[in-house]
Amino acid sequence: MNMEKDLSVILAAAGQSKRYADKHQKKPFARLDQKAVWLHSAERFLSRDDVGQLIIVIAGEDHEDFMSRFGANVAILGIDVVHGGAERADSIEKGLQKVSPESKFVLVHDAARPCVTREDIDAVVVAGRKHGAAILGTPVTNTLKSVVDGVVSETVSREGKWLAQTPQVFRRDWLEEGFRARSGRPPTDESELIERTGRRVHVVEGSPLNIKITRRGDLKLAAAILKALPGPRLDMPFHPFSS
């Protein structure tokens, strides 16, 4: 791996897609504008000069179907395939174990977020390199309610509240430290592991168009967003990663 390619990308695609409501396929593998959702996400990183490795983490139960459908893409693009674990954190930790020793930084992205822009990726990578830990997010603008058994128990102040997104970028050694110190309830994202070590995580304001596909209806919205966004720069030359 080129010494300048010090960033490894981990695509998280090992979830159960329980809210997606399609028993035949999970959301990262659904077709979106002529290609799978996860490929849209992967293409956002393939042409970057600083990315030396792309890892996709899938559930072990999906391996045969995944390789049958996407094995050619994986081989041509030099993508590493890793089997995940019971929780998201377990899956990302397995992906982290596959990261090249030459990578100083790790970027984690939801495979089901195909609409992230190059500009937002650039911004969060710059912040991650500068501060050691950075995530994309958007400030909460709607009224927040705490609800118990279908009834509002209180209205929660939205001041200072943000919705976390991916990509999230970390110094590799910080992320490894976070996993070593992991205990208690499972973290909901990787930045929470960094927070638990006492380190500061910087937030870069992203776009509300960087949606995470959760339900089948989100595919139509994502298709409309992709038509409005500039595509990934795959017209530029890039070299497949060595597997």
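Coordinates for the structure precede this section.
The structure reproduced in this document is the subject of the present report.

Reading the values: the criteria
- Residues numbered from 1 in each chain as written.
- Predicted model: local features only at pLDDT ≥ 70, side-chain atom pairs only at ≥ 80, totals over all residues.
- Heavy atoms only, no water.
- Helix = DSSP H or I, 4+ residues; strand = E, 2+ residues; numbered from the N terminus.
- Rg over C-alpha atoms; globule rule 2.2 N^0.38 Å.
- Buried < 20%, exposed > 50% of the residue type's maximum accessible area, 1.4 Å probe, protein only.
- Contact = heavy atoms within 4.5 Å.
- Areas by Shrake-Rupley, 256 points an atom, 1.4 Å probe, with all protein chains shown as cover.
- Lys, Arg positive; Asp, Glu negative; His and termini not counted.
- Charge placed at Lys NZ, Arg CZ, Asp CG, Glu CD.
- Phe/Tyr/Trp six-rings, centres within 6.5 Å; stacked < 30°, edge-to-face > 60°.
- Polar contact = N/O pair within 3.5 Å; in protein donor to acceptor, adjacent residues only side chain to side chain.
- Axes fitted to C-alpha atoms, helices over the stretch in contact; angles between N-to-C directions.
- Parallel < 35°, antiparallel > 145°, perpendicular 65-115°, else oblique.
- Left-handed = near helix turned anticlockwise from the far one by under 90°.
- Nonpolar A, V, L, I, M, F, W, Y, C, P; charged D, E, K, R; others polar.
- Core = buried A, V, L, I, M, F, W, Y, C linked by side-chain atoms within 4.5 Å.

## A look at the overall build of the protein
On a plain count of helices and strands, the protein comes out with seven helices and eleven strands. For 243 residues, the compact-globule estimate of 2.2 N^0.38 gives 18 Å, and the C-alpha radius of gyration of the protein, at 18 Å, lies within 12% of that figure. Here the C-alpha coordinates of the protein stretch approximately 55 × 40 × 35 Å along the principal axes. The buried share among the 243 residues of the protein stands at 49%. Restricting the contact set of the protein to residue pairs at least 6 apart, pairs at least 24 apart contribute 74%. Counting only carbon and sulfur atoms, one obtains 49% of the accessible surface of the protein, whose full area is about 12,600 Å². One way to put it: in the protein the 36 positive side-chain charges average out to a point 2 Å from where the 33 negative ones average out.

## Let's talk about the packing of aromatic side chains
The tally for this structure, following the rule as stated, stands at five aromatic pairs. For the pair tryptophan 38 and phenylalanine 70, a centre-to-centre distance of 5.6 Å together with 80° between the ring planes defines the contact as edge-to-face. Taken together, the positions of tryptophan 38 in helix α1 (residues 37–46) and phenylalanine 70 in helix α2 (residues 63–77) put the pair 32 residues apart, joining distant regions of the chain. Here tryptophan 38 and phenylalanine 70 have matching classes, each one buried. Counting every residue linked through ring pairs, the aromatic cluster contains Phe29, Trp38, Phe66 and Phe70.

## Observations regarding the side chain of serine 207
Its place among the elements puts serine 207 in the loop between β11 (202–205) and α7 (218–228). Among the polar contacts listed, one links the side chain of serine 207 to the backbone nitrogen of leucine 209, at a separation of 3.0 Å. Among residues more than four places away in sequence, those in contact with serine 207 are Asp120, Thr138 and Gln165.

## Here we look at α1
Taking burial as the measure, the ten residues of α1 include ten buried ones, the bulk of the element. Within α1, the full set of buried residues consists of Val37, Trp38, Leu39, His40, Ser41, Ala42, Glu43, Arg44, Phe45 and Leu46.

## Focus on the packing of helix α3 (residues 88–97) against helix α5 (residues 172–180)
Where α3 contacts α5, the two axes come as close as 11 Å, and the packing angle between them is 135°. Here α3 is positioned oblique relative to α5, judged by the angle of their axes. Crossing handedness for the pair α3 and α5: left-handed. For the pair α3 and α5, the contacting residues are Ala89, Ile92, Glu93 and Leu96 in the first and Leu175, Glu176 and Phe179 in the second. Each residue belonging to the contact of α3 with α5 can be placed in one class, and the counts come to five nonpolar, no polar and two charged.

## Notes on the nonpolar core
Counting 32 residues, the largest nonpolar core has Leu11, Trp38, Leu54, Ile56 and Phe66 as the members making the most contacts within it. Breaking this core down by element, the ones donating at least two residues are β1 (7–13), α1, β4 (51–58), α2, β6 (105–110), α4 (118–131) and β7 (133–139). Among all residues touching leucine 11, those that are not within four sequence positions of it are Trp38, Ser41, Ala42, Phe45, Leu54, Ile55, Ile56, Val57, His109 and Ala111. Ranked by size, the runner-up nonpolar core spans 19 residues in total, among them Ile10, Val57, Leu193 and Ile194.

## Quick word on the environment of valine 125
Structurally, valine 125 can be placed in helix α4. Assessed through its relative accessible area of 2%, valine 125 is described here as buried. For valine 125 and proline 167, which are 42 residues apart along the polypeptide, the C-alpha to C-alpha distance reads 8.6 Å. Not counting residues up to four positions away in its chain, the partners in contact with valine 125 are Leu7, Arg48, Asp50, Leu107 and Val169.

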